[in-house]
Amino acid sequence: MREYDDFAACMEKVSSSVKQVLSDGRLCLSLGGDHSMGVGTIDGHYQAKGDLAVLWIDAHADINTSATSPTGNLHGMPVALLVKELADYWPYLPNMDWQVPMLSIKNIAYIGLRSVDEYERLILEKFGVTAYAMEDVERLGVHEVTQRALEAINPNGERSLHVSFDIDSLDPLEAPSTGTTERGGLSLREGVHIMETVFASGTLGAMDLVEVNPLIGSEKDVKITVDAARQVVRAGFGYKRRGMPPLLKQEIPGYQKAD
Ligand SMILES: NC(=[NH2+])NCCC[C@H](N)C(=O)O
Ligand SMILES: [Mn+2]
């Protein structure tokens, strides 16, 4: 596993920071960076709120173990580290004793998949994971897919929702500055719609926005990628494309009473 020691040390800190923010009664937004970050953010969320629902929006399933990964890259493994159903498929991991896989694989749903490794596919099938790939977005439309995903993992809206949004879920035309682009992805509009639906559910506890890499691509590539990330995030926290009235003043300026 590449850069394992840094990962283990860093995630323990991420987990305790996220736990702290959520225990203070705030919402938590984590920006990345490598998607392996989800191990820390979701662990911290779980410790603060207990039973969670996780919406994983990604081109990839990120559910490889060290034994199935074709690359050894930790950003392809976070979901497998988090779920209890896969705990017995890992060797002993040094410096990860703080992390106990508590999440049920039944409480995770994917949207946007289009690059899934063979053993990842086997895992998704074996455990009946809720997974809406790009062909499902085409068939059902993004609104229906998002509603069904949320219904599957959080039917009563009682669980705190964690959204882990990988910018590579978007089409590389919309978000080129990321390490593992896959063509044929979500449009920015679809990404924004998913997050508007999440906001409307009133269940969001914490969100990750990951894999934005400003070292990849031209200045223009970086600009459109960061702007896409910004739009996705603000939709999740309540921004409306139809516009927002002023927060403080509710009178229209310039009014003069005719006499
Ligand atoms: N977060 C990501 N960009 N993940 C890409 C994972 C690619 C591949 N499935 C792997 O395990 O290496
Ligand atoms: Mn990912």
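The name that an unreviewed UniProt entry assigns to the protein chain is Arginase, with the source organism given as Cloeon dipterum. Quoted verbatim from the Pathway (unreviewed entry) heading of the UniProt record, the comment on the protein chain is "Nitrogen metabolism; urea cycle; L-ornithine and urea from L-arginine: step 1/1."

With that settled, the discussion passes to the UniProt feature "binding site: Mn(2+)" (unreviewed entry) in the protein chain. Sites flagged by UniProt as "binding site: Mn(2+)" (unreviewed entry) map to His-35, Asp-58, His-60, Asp-62, Asp-166 and Asp-168. A maximum C-alpha distance of 12.1 Å among these annotated residues, which run over 134 residues, shows that they cluster at one spot. Tracing the sequence through the fold places Asp-58 in the loop between β2 (52-57) and α3 (78-82). Since its relative accessible area comes to 0%, Asp-58 is described here as buried. Excluding residues that lie within four positions of it along the chain, Asp-58 makes contacts with His-35, Ile-111, Gly-112, Leu-113, Asp-166, Asp-168 and Ser-169.

A separate point is a negative patch on the surface. Side chains of Glu-3, Asp-5, Asp-6 and Asp-34 sit close together on the surface and give a patch of like negative charge. Assignment of secondary structure puts Asp-5 in helix α1 (residues 4-23). Here Asp-5 falls in the exposed class, since its relative accessible area comes to 56%.

It is worth spelling out the sheet that holds strand β1 (residues 28-31) at this point. Taken together, the 6 strands give an open sheet; going across it, the order is β1-β6-β5-β2-β3-β4, and neighbouring strands pair in parallel fashion. The sheet is open, and its two borders are formed by β1 and β4 (130-133), each paired with just one other strand. Looking at each pair of strands side by side, their axes are set apart by 10° on average, direction ignored. Its contacts with the sheet place helix α8 (residues 219-236) against β1, β5 (160-166) and β6 (204-210), and it is angled at close to 175° to β6.

Let us now look at the nonpolar core. The nonpolar side chains of a soluble globular protein tend to be buried with one another. The biggest cluster of nonpolar side chains holds 36 residues, and the ones touching the most others in it are Phe-7, Ile-63, Met-96, Leu-103 and Tyr-110. Secondary-structure elements contributing two or more residues to this core are α1, α2 (38-49), β2, α3, β3 (108-113) and α4 (118-126). Counting 34 residues, the second largest nonpolar core, distinct from the first, contains Tyr-132, Ala-175, Leu-186 and Leu-209.

This part takes up α8. Each α-helix turn comprises 3.6 residues. Residues three or four places apart therefore point the same way. Given a rise of 1.5 Å per residue, 18 residues ought to cover 26 Å, and the 26 Å separating the end C-alpha atoms of α8 matches this to within 8%. Restricting attention to buried positions, one finds in α8 the residues Val-222, Thr-225, Ala-228, Ala-229, Val-232, Val-233, Ala-235 and Gly-236. The buried residues of α8 all sit within an arc of 165° when viewed along its axis, so they share a single face. Exposed side of α8, more than 90 degrees from the buried face: Glu-219, Lys-220 and Lys-223 are the residues found there.

The rules we used
- Residues numbered from 1 in each chain as written.
- Chains lettered and ligands numbered in written order.
- Predicted model: local features only at pLDDT ≥ 70, side-chain atom pairs only at ≥ 80, totals over all residues.
- Heavy atoms only, no water.
- UniProt positions renumbered as here; feature names shortened; annotations may be inferred.
- Helix = DSSP H or I, 4+ residues; strand = E, 2+ residues; numbered from the N terminus.
- Buried < 20%, exposed > 50% of the residue type's maximum accessible area, 1.4 Å probe, protein only.
- Contact = heavy atoms within 4.5 Å.
- Patch = residues over 30% accessible without salt bridge, like charges linked within 9 Å, V, L, I, M, F, W, Y side chains within 5 Å.
- Areas by Shrake-Rupley, 256 points an atom, 1.4 Å probe, with all protein chains shown as cover.
- Salt bridge = Lys/Arg side-chain N within 4 Å of Asp/Glu carboxyl O.
- Lys, Arg positive; Asp, Glu negative; His and termini not counted.
- Charge placed at Lys NZ, Arg CZ, Asp CG, Glu CD.
- Pairing = 2+ DSSP bridges.
- Axes fitted to C-alpha atoms, helices over the stretch in contact; angles between N-to-C directions.
- Core = buried A, V, L, I, M, F, W, Y, C linked by side-chain atoms within 4.5 Å.
- Expected span 1.5 Å × (residues − 1).
- Arc of directions from axis to C-beta.

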